[in-house]
Amino acid sequence: MTAKTRAGNFFEDFSVGQVFHHAVPRTVTEGDLALYIALTGDRRPLHCAREFARSLGFEREIAHDLLVFHIVFGRAVPDVSLNSPANLGYADVRFLTPVYAGDTLRAETEVIGRRETSRGDVGIVWVHTRGYNQRDETVLQFYRWAMVNKRDPETNSGAADAPKLPSQVTGEDLSVPPELDLSRFDPVVTGGKALWEDYEPGERILHPQGMTIEDAEHQSATRLYQNTARVHFNEMLQKRSRLGTRIIYGGHIISLAHSLSFDGLENAIRVLGFNGGTHSNPTVAGDTLFAMTDVIERIDLGREDAGALRLRLVAVKNLDPNEEEIEIKVKDPKSGREGYHQNVVLDLDYTVLMPRRR
Amino acid sequence: MTAKTRAGNFFEDFSVGQVFHHAVPRTVTEGDLALYIALTGDRRPLHCAREFARSLGFEREIAHDLLVFHIVFGRAVPDVSLNSPANLGYADVRFLTPVYAGDTLRAETEVIGRRETSRGDVGIVWVHTRGYNQRDETVLQFYRWAMVNKRDPETNSGAADAPKLPSQVTGEDLSVPPELDLSRFDPVVTGGKALWEDYEPGERILHPQGMTIEDAEHQSATRLYQNTARVHFNEMLQKRSRLGTRIIYGGHIISLAHSLSFDGLENAIRVLGFNGGTHSNPTVAGDTLFAMTDVIERIDLGREDAGALRLRLVAVKNLDPNEEEIEIKVKDPKSGREGYHQNVVLDLDYTVLMPRRR
Amino acid sequence: MTAKTRAGNFFEDFSVGQVFHHAVPRTVTEGDLALYIALTGDRRPLHCAREFARSLGFEREIAHDLLVFHIVFGRAVPDVSLNSPANLGYADVRFLTPVYAGDTLRAETEVIGRRETSRGDVGIVWVHTRGYNQRDETVLQFYRWAMVNKRDPETNSGAADAPKLPSQVTGEDLSVPPELDLSRFDPVVTGGKALWEDYEPGERILHPQGMTIEDAEHQSATRLYQNTARVHFNEMLQKRSRLGTRIIYGGHIISLAHSLSFDGLENAIRVLGFNGGTHSNPTVAGDTLFAMTDVIERIDLGREDAGALRLRLVAVKNLDPNEEEIEIKVKDPKSGREGYHQNVVLDLDYTVLMPRRR
């Protein structure tokens with residue numbers, strides 16, 4: 001009689017070069033696309049307007065890039081992060097082949113680094129995850145690193161294999177789907193007047209909306225992605241945690257902030273990549289989320305119809321940046337160290353595709 | 001560098017004859033139909049039973065008329081009612097070409113009237129909105145009027161262009177889809193025994209069910225329709241309002257009341273039109289909704305298979321009309337003026353299609 | 001003028017041999033499948049992975065057996081259990097022809113027994129319900145018995161027609177879909193290493209996850225199934241009940257417990273039948289659900305690719321069996337009678353299909 005349930009992998013169970021073929025492939029359906037809208041408020045027309053998607057060269061509306069991200073991420077949780085108290089960061093996240101309703105997503109993860117920390121009870125594991133469709137085309141790839149609990153806090157393995165990761169998805173790696181053609185792009189469809197040339201590095205956009213989050217909403221979203229990390233679902237367990245309640249899946253916060261950012265970035269056609277990202281503070285049910293975007297860089301893609309914009313999307317809880325200015329990072333008065341403002345919950349450095357003036 | 005976010009239109013920004021081509025066309029999918037059922041409890045078989053829909057001449061189940069209404073309405077919010085404290089009424093709402101999963105809805109709105117009010121800070125704007133499918137067929141048209149904030153409360157424009165609107169969708173404008181044929185109608189499918197002839201003007205139907213509403217439910221519904229009016233989502237903002245909490249989108253209340261009205265109106269095949277409607281009081285999470293229907297008129301459509309019924313659908317919160325009689329309108333003891341009972345939240349005058357006895 | 005709403009059937013209205021053809025057939029769509037995942041967290045790949053389903057001989061992913069159960073069950077509520085304070089049990093529940101998105105479900109119920117009880121106000125009614133698809137193939141059949149209110153508590157009808165029901169779906173009645181072929185079964189897809197031979201009668205599996213339930217979640221699920229039993233929706237009514245709040249539909253608890261049981265039973269391909277089941281205590285919003293499985297029997301189906309496992313799925317609220325041992329049944333210290341532990345909410349005896357070692 002073998003053990004039937006799994007305790008998940010601990011720091012000691014990971015080794016560089018190890019590859020996980022994650023279970024439970026997931027066919028994306030029209031139901032998922034509708035639920036994504038209902039749970040996040042997304043309005044980007046590439047994901048909900050069939051004829052618009054066709055006018056840009058796609059077969060029909062494509063699954064939201066972040067829906068794909070969450071589904072691929074969810075596949076990896078049972079192997080990688082069941083025993084992870086926190087995801088520390090993302091790097092070189094690239095959105096590749098578009099996903100349509102009817103496509104089936106599966107994922108693989110390779111361990112690329114591990115390091116002991118100053119704390120005895122956790123180590124850090126770096127992984128590279130790839131999501132594939134049913135034709136084995138890569139739809140997404142990303143690096144992330146997470147704290148992982150140790151089985152034996154007493155023994156230090158001496159592991160110090162932190163990998164060097166790219167700080168940015170560089171221009172040549174920004175993958176524009178070859179079918180995409182913006183020559184027939186009609187801004188009446190998006191409702192946005194500003195195009196690539198109109199965004200200036202240094203500009204800050206305060207998105208006007210706020211959204212209060214309920215437990216039923218984030219739980220439904222996280223279940224939709226079949227992400228089983230228990231901190232999102234088990235109130236009894238969480239009541240004993242430092243936070244005192246269920247923590248919202250960080251990816252849901254990315255989706256909500258991205259949805260809020262539609263007002264002011266209506267013509268951001270597609271996410272090309274995340275350069276890096278931090279879940280700087282937790283969010284819980286009852287929190288009201290706001291978003292602001294700093295324009296970092298205008299990237300020329302060497303094509304006439306579109307350019308890329310590097311943006312910093314910052315999500316703030318329970319404080320409306322339209323009403324009250326907020327410093328993203330602040331100095332701790334005691335330690336003097338700089339850290340995130342306690343209301344900043346997401347700091348995402350990412351790159352989108354945007355039509356150019358013609 | 002141009003402003004990227006929009007503050008929405010104020011009373012001064014509207015002029016009679018102005019036309020808005022609303023952004024973000026929306027492809028309706030099977031996911032939306034399923035979510036409509038999950039969020040409202042709708043059971044009308046034309047919208048969930050494929051073979052029944054075919055037996056009536058349709059290609060397959062059609063999107064619920066109110067789902068179409070909400071999606072079209074949602075398109076218009078960013079241009080028309082971002083700065084609107086209240087929608088005041090509807091007139092001549094006509095449900096036209098049926099909508100199937102796969103159809104894409106877009107909308108246009110023409111301003112048809114504006115008037116200053118006795119209050120300096122708001123005016124009233126009348127609009128006519130049309131919803132179209134991807135073949136440019138009109139699926140829905142309606143008039144509505146709403147309070148809209150003024151940018152400059154000090155200046156009175158003297159606007160007094162209140163239009164004359166029809167008080168009823170008259171018989172000749174009641175559009176029955178040409179494909180509809182009730183000769184094969186089978187009441188076993190609906191479970192309702194009463195047909196057109198069985199409803200008597202003056203009759204009141206007390207629908208037996210009640211439904212308590214949660215924030216996660218109305219927010220998910222309102223996001224599904226991509227309606228961005230912030231009063232439904234931002235608890236922080238709403239805490240400072242007179243209501244003190246998020247207000248539920250009035251359209252969600254119409255949908256819930258219509259769903260509750262299935263018990264007693266099982267054979268109401270389709271909504272043909274709204275003659276008028278008032279959201280008489282706000283609803284918030286935690287309220288329990290009940291519904292009752294007064295039969296106003298039996299309209300002969302000059303066909304043997306079906307007639308129309310003009311109905312008054314009244315939604316009541318936190319008071320069960322099955323247990324306690326309710327006066328829809330009451331006299332204020334102080335002012336002597338007649339107004340809605342404080343628990344009445346919807347007074348909808350609408351017309352449905354119903355099979356006749358054969 | 002006839003009464004338009006129905007009070008539902010009372011104990012006196014049922015007679016043995018009576019057949020109900022339930023209203024509102026329901027076409028299952030991709031939207032329902034996605035919502036089932038979002039609301040229950042189901043991860044069984046037969047229901048979400050198209051190519052995996054095809055590799056087993058199916059056309060594509062099939063609707064979850066429990067989704068089919070809930071939809072068929074929901075059809076019968078208005079005729080059978082509107083006036084039912086409690087469902088008492090299930091027997092001989094058989095899952096037959098697989099259901100795909102696009103299939104339409106309808107249901108019929110025959111009354112097979114009725115009995116007066118020691119209480120004057122309720123009787124017990126036994127029914128046999130069958131669910132059919134649009135080709136009149138049986139997709140599900142089950143017996144259940146429920147308490148039903150009497151219209152006239154003063155009169156005892158002397159009814160004593162309790163039927164004899166099978167205590168188990170026996171081997172020969174365990175229907176394996178003829179198209180199913182496990183020769184290409186790949187356990188990487190499920191992520192589970194244990195196969196039929198690995199489960200030993202007497203073994204207990206403590207599933208590791210817990211899930212806290214919100215009102216918006218169980219209401220949305222129950223509405224999706226168009227189950228109208230008012231105890232799930234009307235907080236005003238329920239506040240006056242002994243429970244004091246809305247009671248969660250027992251079927252939702254079965255779905256959640258079954259979803260939680262994926263960890264440890266990953267290769268349970270399909271539910272073949274329920275032998276019996278009891279909703280031993282109510283659950284309400286805020287409860288956290290856990291699940292454990294006792295292996296009862298390994299059933300040889302006389303085929304090389306698969307066998308059946310008879311399991312006892314026990315759901316527990318607000319007590320994690322991984323942390324604290326729980327006796328499913330306990331003796332009442334006063335009466336000395338054995339009854340369910342007050343935290344045990346479901347005791348389901350059911351049978352699944354599982355691949356064998358090759």
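Residues numbered from 1 in each chain as written. Chains lettered and ligands numbered in written order. Predicted model: local features only at pLDDT ≥ 70, side-chain atom pairs only at ≥ 80, totals over all residues. Heavy atoms only, no water.

**Some remarks on helix α7 (residues 250-260) of chain A**
Link 1 in the chain: By the criterion of burial, α7 of chain A is predominantly enclosed, with 11 of the 11 residues buried.
Link 2 in the chain: Looking at α7 of chain A, one finds that the buried residues are Gly-250, Gly-251, His-252, Ile-253, Ile-254, Ser-255, Leu-256, Ala-257, His-258, Ser-259 and Leu-260 of chain A. (Buried < 20%, exposed > 50% of the residue type's maximum accessible area, 1.4 Å probe, protein only. Helix = DSSP H or I, 4+ residues; strand = E, 2+ residues; numbered from the N terminus.)

**Concerning the environment of Val-93 of chain B**
All names here are of chain B.
Link 1 in the chain: Looking at the element boundaries, Val-93 is found in strand β3 (residues 86-95).
Link 2 in the chain: When its relative accessible area of 0% is taken as the criterion, Val-93 is described as buried.
Link 3 in the chain: It is 9.2 Å that separates the C-alpha atoms of Val-93 and Phe-69, two residues lying 24 residues apart in sequence.

**A few points about the interface of chain C and chain A**
Link 1 in the chain: Listed by partner, the interface residues are 46 residues for chain C and 37 residues for chain A.
Link 2 in the chain: Summed over both sides, the interface of chain C with chain A buries roughly 3,200 Å², with 56% coming from carbon and sulfur.
Link 3 in the chain: One can count 4 salt bridges joining chain C with chain A.
Link 4 in the chain: The interface formed by chain C and chain A holds 17 residue pairs in polar contact (both at pLDDT 80 or more) in total.
Link 5 in the chain: Mapped onto the side of chain C that touches chain A, the elements with two or more residues apiece are α1 (30-40), α2 (50-55), α4 (187-190), β7 (204-206), β8 (211-212), α5 (215-224) and β10 (288-299) of chain C. (Contact = heavy atoms within 4.5 Å. Buried area = accessible area lost by both parts, 1.4 Å probe. Salt bridge = Lys/Arg side-chain N within 4 Å of Asp/Glu carboxyl O. Polar contact = N/O pair within 3.5 Å; in protein donor to acceptor, adjacent residues only side chain to side chain.)

**A word on the relation of the copies chain C and chain B**
Link 1 in the chain: Mapping chain C onto chain B is achieved by rotating through 120 degrees and translating by 0.0 Å along the same axis, at an RMSD of 0.0 Å. The two molecules are tied by a three-fold rotation axis, judged by turn and shift. Among all C-alpha atoms of chain C, that of Gly-31 of chain C lies closest to the rotation axis, at 2.2 Å.
Link 2 in the chain: Comparing contact sets, just 11% of the residues at the interface of chain C also lie at the interface in chain B, consistent with a heterologous contact between different surfaces. (Least-squares fit on C-alpha atoms with pLDDT ≥ 70 in both.)

**Notes on the side chain of Thr-212 of chain B**
Residue and element names in this part refer to chain B.
Link 1 in the chain: On the secondary structure map, Thr-212 appears in strand β8 (residues 211-212).
Link 2 in the chain: Residue Thr-212 is classed as buried on the basis of its relative accessible area, which comes to 1%.
Link 3 in the chain: Within the structure, the side chain of Thr-212 is placed 2.7 Å from the side chain of Thr-288, a separation counted as a polar contact.

**Things to note about the interface of chain C and chain B**
Link 1 in the chain: Facing the 37 residues of chain C at the interface are 46 residues of chain B.
Link 2 in the chain: Taken together, the two surfaces of chain C and chain B that pack against each other cover about 3,200 Å², and 56% of this comes from carbon and sulfur.
Link 3 in the chain: Among the residues of chain C in contact with chain B, Lys-4, Arg-223 and Met-236 of chain C are the three that bury the most area, contributing 21% of the side total.
Link 4 in the chain: For the pair chain C and chain B, the interface holds 4 salt bridges.
Link 5 in the chain: Here Glu-214 of chain B and Arg-246 of chain C are joined by a salt bridge, their closest N and O atoms 2.9 Å apart.
Link 6 in the chain: Between the two partners, chain C and chain B, sit 17 residue pairs in polar contact (both at pLDDT 80 or more).
Link 7 in the chain: Here the side of chain C that touches chain B takes 6 residues from α5 of chain C, the largest share from any one element.

**A word on the side chain of Glu-235 of chain A**
Link 1 in the chain: Mapped onto the secondary structure, Glu-235 of chain A falls in helix α6 (residues 235-239).
Link 2 in the chain: According to the relative accessible area criterion, Glu-235 of chain A is buried, its value standing at 12%.
Link 3 in the chain: Setting aside its immediate chain neighbours within four residues, Glu-235 of chain A contacts Gly-244, Thr-245 and Arg-246 of chain A together with Thr-212 and Thr-288 of chain C.

**Observations concerning the relation of the copies chain C and chain A**
Link 1 in the chain: The transform that puts chain C on chain A rotates by 120 degrees and translates by 0.0 Å along the axis, for an RMSD of 0.0 Å.
Link 2 in the chain: An overlap of only 9% is found between the interface residues of chain C and their copies at the interface of chain A, pointing to separate contact surfaces.

**Quick word on the pattern of salt bridges**
Link 1 in the chain: Under the counting rule described, the total for this entry stands at 87 salt bridges over all chains.
Link 2 in the chain: The partner of Glu-30 of chain A in a salt bridge is Arg-50 of chain A, and the shortest N-O contact between them spans 3.7 Å. Taken together, the residues span a long stretch of sequence, with Glu-30 of chain A in helix α1 (residues 30-40) and Arg-50 of chain A in helix α2 (residues 50-55) at a distance of 20 residues. The same class applies to Glu-30 of chain A and to Arg-50 of chain A, which are both buried.
Link 3 in the chain: In this structure, the salt-bridge partner of Arg-310 of chain B is Asp-349 of chain B, at a minimum N-O distance of 2.4 Å. Pair noted here: Arg-310 of chain B is in strand β11 (residues 306-317) and Asp-349 of chain B is in strand β14 (residues 344-355), with a separation of 39 residues, a long-range link. One exposure class covers both Arg-310 of chain B and Asp-349 of chain B, and it is buried.
Link 4 in the chain: One network of salt bridges, with partners in common, ties together Glu-30, Arg-50, Arg-60 and Glu-61 of chain A.

**Considering the pairing of strand β3 (residues 86-95) of chain A**
Residue and element names in this part refer to chain A.
Link 1 in the chain: For β3, a buried count of 8 out of 10 residues is recorded, marking the element as mostly surrounded by other parts of the structure.
Link 2 in the chain: Bridge analysis of β3 against strand β6 (residues 138-149) gives 7 bridges, and the strand direction is antiparallel. In the sheet register, Ala-91 faces β6, and the bridge partner there is Tyr-143.
Link 3 in the chain: In the sheet, β3 pairs with strand β9 (residues 270-278) via 4 bridges, with the strands oriented antiparallel. Bridging from a neighbouring strand, Tyr-90 pairs with Gly-277 of β9. (Pairing = 2+ DSSP bridges.)

**Points about the environment of Arg-310 of chain A**
Residue and element names in this part refer to chain A.
Link 1 in the chain: Residue Arg-310 is classed as buried on the basis of its relative accessible area, which comes to 12%.
Link 2 in the chain: Once the C-alpha coordinates of Arg-310 and Asp-181 are considered, the two residues, 129 residues apart in sequence, prove to be 21 Å apart.
Link 3 in the chain: Contact partners of Arg-310, with chain neighbours within four places excluded, come to Ser-167, Gln-168, Asn-275, Asp-294, Val-295, Ile-296, Glu-297, Ile-299, Asp-349, Tyr-350 and Thr-351.
Link 4 in the chain: At 2.4 Å, the side chain of Arg-310 forms a polar contact with the side chain of Asp-349.

**Describing the packing of helix α1 (residues 30-40) of chain B against α1 of chain C**
Link 1 in the chain: The geometry of α1 of chain B relative to α1 of chain C is characterised by a closest axis approach of 7 Å and an angle of 60 degrees between their N-to-C directions. When the axes of α1 of chain B and α1 of chain C are compared, the pair comes out oblique. In this structure, α1 of chain B meets α1 of chain C at a crossing whose hand is right-handed. Here Glu-30, Gly-31, Ala-34, Leu-35 and Ala-38 of chain B of α1 of chain B lie close against α1 of chain C, whose contacting residues are Glu-30, Gly-31, Asp-32 and Leu-35 of chain C.
Link 2 in the chain: Looking at the contact of α1 of chain B with α1 of chain C, its residues break down into 4 nonpolar, 2 polar and 3 charged. (Axes fitted to C-alpha atoms, helices over the stretch in contact; angles between N-to-C directions. Parallel < 35°, antiparallel > 145°, perpendicular 65-115°, else oblique. Left-handed = near helix turned anticlockwise from the far one by under 90°. Nonpolar A, V, L, I, M, F, W, Y, C, P; charged D, E, K, R; others polar.)

**So, the environment of Leu-56 of chain A**
Residues and elements named next belong to chain A.
Link 1 in the chain: Within the secondary structure, Leu-56 is located in the loop between α2 and α3 (65-80).
Link 2 in the chain: With 128 residues separating them in the primary sequence, Leu-56 and Arg-184 have C-alpha atoms 6.7 Å apart.
Link 3 in the chain: Setting aside residues up to four positions removed in sequence, Leu-56 forms contacts with Leu-46, Glu-179, Leu-180, Asp-181, Leu-182, Phe-185 and Ile-269.

**Considerations on unusual backbone geometry**
Residue and element names in this part refer to chain B.
Link 1 in the chain: Residue Asp-92 is not a glycine yet carries a positive backbone phi of 50 degrees.
Link 2 in the chain: Tracing the backbone shows Asp-92 in strand β3.
Link 3 in the chain: With a relative accessible area of 3%, Asp-92 lands in the buried category.

**Overview of the packing of α1 of chain A against helix α5 (residues 215-224) of chain B**
Link 1 in the chain: It is at 7 Å that the axes of α1 of chain A and α5 of chain B come closest, and there the two elements cross at 120 degrees. In terms of orientation, α1 of chain A and α5 of chain B fall into the oblique class. When the axes of α1 of chain A and α5 of chain B are compared, the crossing they make is right-handed. Contact residues: α1 of chain A offers Ala-34, Ile-37, Ala-38, Leu-39 and Thr-40 of chain A, while α5 of chain B offers Gln-219, Ser-220, Arg-223 and Leu-224 of chain B.
Link 2 in the chain: Within the contact of α1 of chain A with α5 of chain B, the residues separate by chemical class into 5 nonpolar, 3 polar and 1 charged.

**Things to note about helix α3 (residues 65-80) of chain B**
Link 1 in the chain: Helix length check: α3 of chain B, at 16 residues, gives a terminal C-alpha distance of 22 Å against a target of 22 Å (1.5 Å per residue), a fit within 8%.
Link 2 in the chain: Of all 16 residues in α3 of chain B, 16 are buried, a share of seventy percent or more. (Expected span 1.5 Å × (residues − 1).)

**A short note on the confidence of the model for chain A**
Link 1 in the chain: Averaged over every residue, the pLDDT of chain A is 95; residues scoring 70 or more account for 99%.
Link 2 in the chain: In the predicted complex, the global pTM is 0.97; the interface-specific ipTM is 0.97. (pLDDT = per-residue confidence, 0-100.)

**With respect to the packing of aromatic side chains**
Link 1 in the chain: All chains considered together, the criterion is met by 33 aromatic pairs over all chains.
Link 2 in the chain: Ring geometry for Phe-52 of chain A against Phe-185 of chain A: centres 6.1 Å apart, planes inclined by 65 degrees, an arrangement best described as edge-to-face. Residue Phe-52 of chain A is located in helix α2, and its partner Phe-185 of chain A is located in the loop between β6 and α4 (187-190); the two are separated by 133 residues in the primary sequence. Across this residue pair, the class does not change: Phe-52 of chain A and Phe-185 of chain A are buried.
Link 3 in the chain: Note on Phe-73 of chain C and Tyr-249 of chain C: the rings are 5.8 Å apart at their centroids and 45 degrees apart in plane angle, and the pair reads as tilted. Of this pair, Phe-73 of chain C sits in helix α3 (residues 65-80) while Tyr-249 of chain C sits in the loop between α6 (235-239) and α7 (250-260); the two residues are 176 residues apart in sequence, bridging distant segments of the chain.
Link 4 in the chain: Through pairs of rings, three or more aromatic residues link up here, namely Phe-69, Phe-73, Tyr-90, Phe-95, Phe-142, Tyr-225, Tyr-249 and Phe-274 of chain A.
Link 5 in the chain: Taking the ring centre of Trp-196 of chain A as reference, the NZ or CZ of Arg-298 of chain A above it sits at 5.5 Å. (Phe/Tyr/Trp six-rings, centres within 6.5 Å; stacked < 30°, edge-to-face > 60°. Lys NZ or Arg CZ within 6 Å of the ring centre and 35° of its normal.)

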